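A look at the structure
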Amino acid sequence: MRRVFESLMNLLNLIRDRFVGPLKTLVDDPAPFVDMIRPAQDAKFGEFQANFAMPLAKQLGKPPREIAQTIAQQLQLDDICETPEIAGPGFINLRLKASFLSAQIGRISGDDRLGYSPTSSRRNVVVDFSSPNVAKPMHVGHLRSTVIGDAICRTLRFVGHQVVSDNHIGDWGTQFGMIIYGYRNFLDEAAYAEQPVAELARLYKLVNQLSDYHATKAKLTTLQSESATARTRLETAEAQAKDDKAKKQLNSLRKDIEAAEKAVKDAIESIEKVESSPTLLKAAQAHPDIARKARDETAKLHSGDADNNTLWHQFIPPCLEALNQVYRRLGIKFDMTLGESYFNPMLPGVVSSLQSKNLAKLSEGATCVFLEGNAAPFIVQKTDGAYTYATTDLATIQYRVESLKADEVLYVVDKRQSEHFQQLFATACLWGIGTVRFQHVSFGTVMGKDGKPYKTRSGDTVGLESLLDEAVSRARRIVDENDDRRESPLLTSEERARVAEIVGLGGIKYADLHHSRDSDYTFDWDKMLATTGDTATYMQYAYARVCGIFRKMQLSRDSLQTSGVTISVETPEERRLAVQLLMFGYAIDSVLNDYRPHLLTTWLYDTADAFSQFFDKCSVQNAGSEELRKSRLVLCDLMARAIKTGLSLLGIEVAEVL
RNA sequence: GCGCCCGUAGCUCAGUUGGAUAGAGCAACCGCCUUCUAAGCGGUAGGUCAGUGGUUCGAAUCCACUCGGGCGCACCA
């Protein structure tokens with residue numbers, strides 16, 4: 001019994017442990033076979049199933065059902081499960097005993113952690129996420145990194161790991177040259193005094209647009225001739241196309257044309273944008289070599305120019321404050337915000353160290369690390385002497401390993417940068433950084449309903465703040481509607497605003513987190529704030545319904561007597577809810593196995609779903625006996641804790657009344 | 001040209017790394033509020049898992065090829 005108590009944290013592991021002994025009588029290494037014990041695919045098979053008998057049959061040359069039988073006979077599981085059943089070709093099906101469920105629910109009742117005790121194998125994990133560029137407003141693209149990274153940090157901390165969340169902001173890049181140039185040439189002083197960040201963003205955008213204008217204009221005829229060439233090539237190819245191979249080439253040529261023509265169209269559009277505005281055109285003509293001059297400003301900044309550094313120090317604080325405003329609203333905290341600038345002094349040392357170890361060498365004027373299997377080199381210093389983000393990232397790794405003593409470093413970054421990270425990790429290993437575990441926790445692009453990266457109608461990226469405002473105002477409408485429908489509304493205006501914030505932000509975060517992170521995901525307002533289905537609201541609603549039960553019965557959840565109550569798991573709904581609650585530890589462990597928060601959303605949805613059925617079928621107020629009512633109250637309370645805790649690991653809040 | 005990823009229901013997505021009859025939400029249709037929040041519950045319908053071949057007791061999952069789509073690829077981060 002003691003054993004059950006200690007290792008219940010992850011119910012599956014508890015069961016797996018019991019198979020080790022019996023399996024050892026048949027094989028030397030039971031580990032791979034133990035892994036083949038899984039949650040059952042279908043409730044009719046019980047809660048767990050063991051799938052190892054079939055592959056083992058081949059290895060041992062015995063019928064699988066016989067092997068299953070042999071193992072089943074040796075199993076000592078009767079404190080947990082009913083007698084194992086052998087089914088189909090040789091599956092072992094396990095069904096949890098009602099007495100076990102009842103006892104375990106009783107044991108963890110009233111516990112916000114649902115019986116999950118902190119790990120004894122604590123790791124020191126640095127999580128690098130969000131990483132916006134300073135002085136460029138955050139947009140929808142930053143949302144995924146921020147939300148996923150935060151969820152991972154929270155879950156790691158919950159399990160008991162030492163976590164350092166680090167916002168590796170872009171505060172040193174080429175955009176600062178543009179801003180400095182803009183500041184010197186186009187500053188609107190009144191606007192800067194009023195809203196410095198907005199004005200800096202405007203300057204950045206302006207300088208960028210003008211640089212672009214000149215570059216595009218210079219490039220336009222080339223683009224046009226490339227487009228024309230592509231068309232000619234297609235026509236000749238079309239005339240000659242005979243076999244399938246040629247046909248395939250035609251297709252790829254057609255795609256080339258499409259791309260070339262789009263490039264021309266985009267170029268013309270961006271030129272038009274400038275030329276259609278007299279002010280912009282005048283500015284463009286007055287600053288013909290704006291791009292080079294902006295680059296010069298960056299170089300001056302990096303080489304220690306006093307004036308530019310003064311400006312930089314002046315720009316940074318309001319920009320950081322603007323970022324923090326967004327993070328505060330999202331409920332996200334960083335342990336440190338060490339931007340690229342922080343690592344600037346270390347960059348020469350990184351390069352010379354790589355050179356001294358014969359890892360980096362000069363190629364076409366740039367200092368590069370060549371890696372096996374990679375066509376492109378990893379450039380650590382450009383021909384003009386400037387360092388790249390590769391260099392910064394290496395310096396950052398060194399800092400995280402040496403100063404932060406990291407065992408593991410996670411990078412929550414767009415999957416399009418996977419080659420960079422593959423090269424970075426490979427270089428770091430060659431460099432001799434030690435036994436740190438690196439992982440690029442990659443994620444896909446946020447798409448619009450049109451299947452293209454999410455943009456506003458005018459083609460701009462969507463600002464993060466307006467996105468949050470939109471979510472909250474949509475949520476407010478729903479909250480208003482719902483509360484107005486009641487005979488006597490339960491919420492004051494201030495409470496409605498608070499609930500709208502919780503529901504709106506929760507909806508946005510949940511929508512993102514419930515997709516597996518690798519895939520691109522389609523941003524859809526109607527879905528994330530729908531009043532039906534698999535949304536944050538569904539869980540929040542389930543939570544509020546529990547609160548409603550206690551409110552109606554004039555009981556307080558805080559003073560609920562949870563110990564000494566016998567938990568009933570007689571009805572299918574009670575049973576399912578109990579099983580779900582006990583699977584919490586497994587869900588948490590699955591999330592951290594490969595940093596996939598969506599496995600937690602799945603568990604949350606299943607749990608809320610189990611509760612909804614329970615709510616429908618198992619009345620608390622009208623339970624047949626006082627004993628049963630107590631049992632159900634404890635289940636309700638535990639389910640509310642489960643939802644609150646689970647959502648909190650995703651950075652999502654709950655409300656007593658919805 | 002080289003490399004990586006993807007293709008599952010009308011739509012949006014899962015599918016626990018090779019297991020039993022491929023699942024959920026939305027949309028559609030049918031039912032359920034005098035009892036704890038109907039933002040809910042129950043049910044029906046919906047599939048050539050892009051295609052072909054292979055590996056084996058067993059494949060959406062692994063391998064090969066084909067078709068279709070996306071994304072990277074020396075001095076931007």
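Residues numbered from 1 in each chain as written. Chains lettered and ligands numbered in written order. Predicted model: local features only at pLDDT ≥ 70, side-chain atom pairs only at ≥ 80, totals over all residues. Heavy atoms only, no water.

Moving on: the packing of aromatic side chains. Counting across every chain of the model gives 24 aromatic pairs. Ring centres of F19 and F52 lie 5.7 Å apart, and the angle between their planes is 75°; this geometry places the pair in the edge-to-face category. Taken together, the residues span a long stretch of sequence, with F19 in helix α2 (residues 11–24) and F52 in the loop between β2 (48–50) and α4 (53–60) at a distance of 33 residues. Grouping residues by exposure puts F19 and F52 together as buried. (Phe/Tyr/Trp six-rings, centres within 6.5 Å; stacked < 30°, edge-to-face > 60°. Helix = DSSP H or I, 4+ residues; strand = E, 2+ residues; numbered from the N terminus. Buried < 20%, exposed > 50% of the residue type's maximum accessible area, 1.4 Å probe, protein only.)

Time to look at the sheet that holds strand β5 (residues 124–128). What the four strands build is an open sheet, ordered β6-β5-β10-β11; its pairing is parallel. Edge positions in the open sheet fall to β6 (162–166) and β11 (437–443), since each of these has one partner strand only. The sheet shows a mean angle of 20° between the axes of neighbouring strands, taken without regard to direction. Sheet analysis places strand β10 (residues 408–414) next to β11, joined by seven bridges and oriented parallel. Residue V409 lies in a different strand from β11, and its bridge partner there is F438. Where helix α17 (residues 389–402) meets the sheet, it contacts β5, β6, β10 and β11, and its direction lies at approximately 145° from that of β10. (Pairing = 2+ DSSP bridges. Axes fitted to C-alpha atoms, helices over the stretch in contact; angles between N-to-C directions. Contact = heavy atoms within 4.5 Å.)

Counted at 1.5 Å a residue, the expected span for helix α26 (residues 626–649) with its 24 residues is 34 Å, and the 35 Å between its end C-alpha atoms agrees. Counting buried positions along α26 yields 17 of 24 residues, so the element is predominantly enclosed. Once α26 ends, the next one or two residues include G651, with phi positive near 80°. (Expected span 1.5 Å × (residues − 1).)

So, about the state of the cysteines. For the coordinates displayed, the defined rule picks out zero disulfides. Distance from the sulfur of C547, which forms no disulfide, to the nearest cysteine sulfur (C636) is 10 Å. Looking at C547, the relative accessible area reads 5%, which means it is buried. (Disulfide = S-S within 2.5 Å.)

Moving on to the pattern of salt bridges. If you walk through the whole model with that rule in mind, you get 44 salt bridges. A salt bridge links E321 to R328; the nearest nitrogen and oxygen atoms lie 2.8 Å apart. With a closest N to O distance of 3.7 Å, K449 and D524 form a salt bridge. Of the two residues, K449 is situated in the loop between β12 (446–447) and α19 (464–485) and D524 in the loop between β13 (521–522) and α21 (525–528); the sequence distance between them amounts to 75 residues. For D524, a relative accessible area of 10% gives the class buried. Three or more residues joined by partner-sharing salt bridges are found here, namely K449, E470, R474, D524, D526 and K527. (Salt bridge = Lys/Arg side-chain N within 4 Å of Asp/Glu carboxyl O.)

In the region of RNA strand B, 73 residues are neighbours, and Q41, E340, S363, K382 and S516 sit closest. The sugar-phosphate portion of RNA strand B accounts for 61% of its atoms within 4 Å of the protein, the bases making up the rest. At a separation of 2.8 Å, a phosphate oxygen of RNA strand B approaches a polar side-chain atom of T522. Note that a phosphate oxygen of RNA strand B is positioned 3.2 Å from one of the side-chain N or O atoms of H598. No other element matches the nine residues that helix α22 (residues 536–552) contributes to the surface near RNA strand B. Per-class residue counts for the surface near RNA strand B are 27 nonpolar, 25 polar and 21 charged. (Near = heavy atom within 4 Å. Polar contact = N/O pair within 3.5 Å; in protein donor to acceptor, adjacent residues only side chain to side chain. Nonpolar A, V, L, I, M, F, W, Y, C, P; charged D, E, K, R; others polar.)

Here we take up unusual backbone geometry. For S131, which is not glycine, the phi torsion reads 40° and is therefore positive. Mapped onto the secondary structure, S131 falls in the loop between β5 and α7 (140–159). Exposure remark for S131: the relative accessible area of 26% places this residue in the partly exposed category. Backbone geometry at Q554 places phi at a positive 55°, although glycine is not the residue there. Here Q554 shows up in the loop between α22 and α23 (572–582). The exposure class assigned to Q554 is exposed, which follows from its relative accessible area of 73%.

What follows concerns the domain arrangement of chain A. The domains assigned to chain A are domain 1 (2–96), domain 2 (124–173 + 317–445) and domain 3 (175–188 + 199–298). Between the C-alpha centres of domain 2 and domain 3 the distance comes to 30 Å. Taken residue by residue, the interface counts 10 residues in domain 2 and eight residues in domain 3. Both faces considered, domain 2 and domain 3 share a buried interface measuring about 640 Å² in area, 65% of it formed by carbon and sulfur atoms. Contact with domain 3 buries area across many residues of domain 2, yet A135, K136 and G173 alone supply 64% of it, more than any other trio. Inspection of the region where domain 2 meets domain 3 yields zero salt bridges. (Domains from an automatic or database assignment. Buried area = accessible area lost by both parts, 1.4 Å probe.)

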